[in-house]
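Inside the fold
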Protein chains: 2
Amino acid sequence: MKVSRYKKEDAVTYALGATVVMEYLNCAPDLVEAVIMHPGFRSEDTIAKIKEITSSKKISLSVEEKPFNILSQKENCFVIGVIKKVKGHLLDGSHVVLVNPSNAGNMGTIIRSCAGFGVMDIAIITPAVDHFDPKTIRASMGAAARVNIETFETFEEYASRFPNNSMYPFMLDGSTLLQETEINEPFSLIFGNEATGLPATFSKVGQPIRIEHTNNIDSLNLPIAASIALYESTKRRFGGHLSK
Amino acid sequence: MKVSRYKKEDAVTYALGATVVMEYLNCAPDLVEAVIMHPGFRSEDTIAKIKEITSSKKISLSVEEKPFNILSQKENCFVIGVIKKVKGHLLDGSHVVLVNPSNAGNMGTIIRSCAGFGVMDIAIITPAVDHFDPKTIRASMGAAARVNIETFETFEEYASRFPNNSMYPFMLDGSTLLQETEINEPFSLIFGNEATGLPATFSKVGQPIRIEHTNNIDSLNLPIAASIALYESTKRRFGGHLSK
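Residues numbered from 1 in each chain as written. Chains lettered and ligands numbered in written order. Predicted model: local features only at pLDDT ≥ 70, side-chain atom pairs only at ≥ 80, totals over all residues. Heavy atoms only, no water.

**Section: the environment of N148 of chain B**
Residues and elements named next belong to chain B. Note the cut-off: Strands are runs of DSSP state E lasting at least two residues, helices are runs of H or I lasting at least four, and both sets are numbered from the N terminus onward. Residue contacts follow a heavy-atom distance rule, with two residues in contact if any of their heavy atoms lie within 4.5 Å. For this analysis, a polar contact is any N or O atom pair within 3.5 Å, provided that within protein one partner can donate a hydrogen and the other can accept it, and provided that sequence-adjacent residues contribute only side-chain to side-chain pairs.
Within the secondary structure, N148 sits in strand 7 (residues 148-152). For the pair N148 and T201, spaced 53 residues apart in sequence, the C-alpha to C-alpha distance is 27 Å. Those residues in contact with N148 that sit more than four places away from it in its chain are H89, L90, L91, M120, D121 and I122. In this structure the side chain of N148 is engaged in a polar contact, spanning 2.9 Å, whose partner is the side chain of D121.

**Examining the sheet that holds strand 5 (residues 95-99) of chain A**
Residue and element names in this part refer to chain A. Filter applied, for reference: In short, DSSP must find at least two bridges between two strands for them to pair. A fitted line through C-alpha atoms represents every axis, and for helices the fit uses only the stretch in contact; the resulting angles, taken between N-to-C directions, go from 0 to 180 degrees.
Read from one edge of the open sheet, 5 strands run 7-6-5-10-8, paired in parallel fashion. The sheet is open, and its two borders are formed by strand 7 (148-152) and strand 8 (166-169), each paired with just one other strand. Pairs of neighbouring strands in the sheet enclose a mean axial angle of 20°, with direction left out of account. As defined by bridge partners, strand 5 adjoins strand 10 (residues 187-191) across 4 bridges and the pair is classed as parallel. Paired with L98 across the two strands is F191, which belongs to strand 10. Across the sheet, helix 4 (residues 104-116) touches strand 5, strand 6 (121-125) and strand 7, and the angle it forms with strand 5 is around 170°.

**Considering the nonpolar core**
Let me state the cut-off plainly: What is meant by a nonpolar core is a set of buried Ala, Val, Leu, Ile, Met, Phe, Trp, Tyr and Cys residues, joined one to another through side-chain atoms within 4.5 Å. Under the scheme applied here, a residue whose accessible area is under 20% of the maximum for its type counts as buried, over 50% as exposed, and between as partly exposed, the area being computed with a 1.4 Å probe on protein chains only.
One finds Y24 and F191 of chain A together with Y24 and F191 of chain B to be the most contacted residues of the largest nonpolar core, which totals 113 residues. Leave out the neighbours within four places in its chain, and F191 of chain A touches V96, V97, L98, V99, F170, L198, L222, A225, A226 and A229 of chain A.

**Regarding the packing of helix 1 (residues 18-27) of chain B against helix 2 (residues 44-56) of chain B**
All names here are of chain B. Let me state the cut-off plainly: We call two directions roughly parallel when the angle between them is under 35 degrees, roughly antiparallel when it is over 145, roughly perpendicular when it lies between 65 and 115, and oblique otherwise. By convention the crossing between two helices is left-handed if the near helix lies anticlockwise of the far one by an angle smaller than a right angle, and right-handed if it lies clockwise. Each residue gets one of three labels, nonpolar for Ala, Val, Leu, Ile, Met, Phe, Trp, Tyr, Cys and Pro, charged for Asp, Glu, Lys and Arg, and polar for the others, Gly among them.
Running from N to C, helix 1 and helix 2 cross one another at 30°; their axes reach a closest spacing of 11 Å. As far as their axial angle goes, helix 2 and helix 1 are roughly parallel. The way helix 1 lies across helix 2 gives a crossing that is left-handed. Residue-level contacts link A18, M22, L25 and N26 of helix 1 to T46, K49, I50, I53 and T54 of helix 2. A class-by-class count of the residues in the contact of helix 1 with helix 2 yields 5 nonpolar, 3 polar and 1 charged.

**Topic: the interface of chain B and chain A**
Filter applied, for reference: Two parts placed together each lose some accessible area; with a 1.4 Å probe, that loss summed over both constitutes the buried area. By salt bridge we mean one thing: a side-chain nitrogen of Lys or Arg within 4 Å of a carboxyl oxygen of Asp or Glu.
Counting residues at the interface gives 37 residues for chain B, matched by 37 residues for chain A. Between chain B and chain A, a total of about 3,100 Å² is buried, with carbon and sulfur atoms accounting for 60% of that surface. When the buried surface of chain B facing chain A is broken down by residue, R112, N216 and Y231 of chain B rank first, second and third, together holding 20% of it. The interface formed by chain B and chain A contains 2 salt bridges. For the salt bridge of E232 of chain B with K235 of chain A, the shortest nitrogen-to-oxygen distance reads 3.1 Å.

**Let's talk about the packing of helix 4 (residues 104-116) of chain B against helix 7 (residues 222-234) of chain B**
All names here are of chain B. Their axes nearest at 9 Å, the elements helix 4 and helix 7 cross at an angle of 15°. Our classification of the angle between helix 4 and helix 7 gives roughly parallel. The handedness of the crossing between helix 4 and helix 7 is right-handed. For the pair helix 4 and helix 7, the contacting residues are N106, T109, I110, S113 and C114 in the first and L222, P223, A226, S227 and L230 in the second.

**Considering the sheet that holds strand 3 (residues 60-63) of chain B**
Residue and element names in this part refer to chain B. If you walk across this open sheet you meet the 4 strands as 1-4-2-3, and the pairing is mixed. Both edges of this open sheet fall to strand 1 (12-16) and strand 3, since each of them pairs with a single strand only. Shown here is a sheet whose adjacent strand axes are inclined to one another by a mean of 20°, direction ignored. Lying on the sheet, helix 1 is in contact with strand 1, strand 2 (32-37) and strand 4 (79-84); it crosses strand 4 at an angle near 40°. Across the sheet, helix 2 lies against strand 2, strand 3 and strand 4, angled at about 150° from strand 2, the strand it touches most.

**Some details on the relation of the copies chain B and chain A**
Where we set the bar: The fit set for superposing copies consists of C-alpha atoms from residues with pLDDT of at least 70 in both; the fit itself is least squares.
The operation relating chain B to chain A is a screw motion whose rotation component is 180°, with 0.0 Å of axial translation and a residual RMSD of 0.0 Å. Such a turn and shift between the copies fits a two-fold axis. Most of the interface of chain B is mirrored in chain A: 100% of its interface residues are interface residues there too.

**Quick word on helix 7 (residues 222-234) of chain A**
This is how it is decided: How far a helix is expected to stretch is found by multiplying one less than its residue total by 1.5 Å.
With 13 residues, helix 7 of chain A should cover 18 Å at 1.5 Å per step; its first-to-last C-alpha distance of 18 Å lies within 8% of that length. A large share of helix 7 of chain A lies buried, amounting to 13 of its 13 residues.

**Brief notes about the pairing of strand 3 (residues 60-63) of chain A**
All names here are of chain A. The cut-off we apply is this: Handedness rule for crossovers: strands pointing away from the viewer, path from the first strand over the helix to the second running clockwise, crossover right-handed.
Relative to strand 3, strand 2 (residues 32-37) runs parallel, the two being bridged by 4 bridges. Bridge pairing in strand 3 links I36 to S62. Crossover strand 2 to strand 3 through helix 2 (residues 44-56) is right-handed.

**Considerations on unusual backbone geometry**
Residue and element names in this part refer to chain A. That bond from E185 to P186 is cis: its omega, -10°, falls within 30 degrees of zero. Within the fold, P186 resides in the loop between strand 9 (176-177) and strand 10. Of note, the phi angle at K58 is positive, near 55°, even though the residue is not glycine. Residue position: K58 is located in the loop between helix 2 and strand 3. The class for K58 is exposed, based on a relative accessible area of 77%.

**Thoughts on helix 1 (residues 18-27) of chain A**
Structurally, the α-helix is built with 3.6 residues per turn, so residues lying three or four positions apart point the same way. Those residues of helix 1 of chain A not exposed but buried are V20, V21, M22, E23, Y24 and L25 of chain A. Looking at the buried side of helix 1 of chain A, the elements it contacts are strand 1 (12-16), strand 2, helix 2, strand 4 (79-84) and helix 5 (134-139) of chain A.

It is worth stressing that arrangement in space is one thing and function is another; only the former is reported here.
Set out below in structure tokens:
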């Protein structure tokens, strides 16, 4: 199997590591073009599962070392999945909206939290980091196989597609505290760039929210802020009997 | 200024990047042994502040390129702080307790959230990643300059020092939901290793809590779980007038 270092223009990306590859084989096998195992891979159970799924789904399976030298610097990566890149299409419902996110690892961590809290649709407003980057897929621990991600050129384009969504931009000077804001479904939880946050114009979009913190720090890390918002917005779904 | 690649045995560690160094100069100048600026550093405001503080605190300041080649792979690092490593001592009050954490970046992100939510004392139960690692300090965005971190050889040693703390181990099978648990101060929010979580024996410690998520994922990322717990445990401190 010929592989080359990932580039944004490529038609495929890579899932690195057994856990990540297994998520794709279990949730989105049609996206898996090939699986490569390292000759030193010794997890008999996982090997058996990989053989079973690749065989039943007619996915190419090979055992070779060279692709690992090209694609992975991590010592503990023994399985690579070659993954077709397919444009996502957002469904109606609640969304996370990322405006100009710039860090691939952060993107993956946010995807993991979205899947964890059951918000399976993510809008990305460009310019933005490439969400197909293998670093994103790895940081998502494979949750990237489960979510729908659609990119939009402008926030307006996104907002006009989903006129029924309640919009909640998260801003350091948002006018209400997260814990005191009623979040109505379907919701759009909107977050800005890691370094610059959302442009001030977002204060006129829906209900701006702030997650209050001490002035010991300038801001929370982006995936942390997004995950706290996801937790607070979805916790009533999880068997909670206390009202919000 | 002679620097060498960081090792755990060293008496000093490094703050990489202007933001991180400024945090140390502002909050813990006594810990700063020296500041090194890159010849290409051009932020006049920051340079003026660095000159002012290093001069008034009699901290060595130099302009040279070589230390950057040794210590930093990041293109955007133009200032290095040489930081004395001093053992922390936990104060009475609420704490975050990390049992066998293994990732330096995660540790830094947790430190940033602790400072953000005003929980300034962190216990680490060894074996654990070195919390003085420059990767930790950088991921904390300099918040490492503000918190107290003390390491303990066993959880029992920690617990016996703080008999008045209410203990809340976070476990995937914790018996109560976070949003339905009354968290009494002073609290100890206890988290396990990234890959393995807390040992099952912690189910007998205090009130085990779970952060409910869908089975789309195996678990939340450790800094995410810790930060959600911090948010929920401290939100009543932040002007919220809704009762929990």
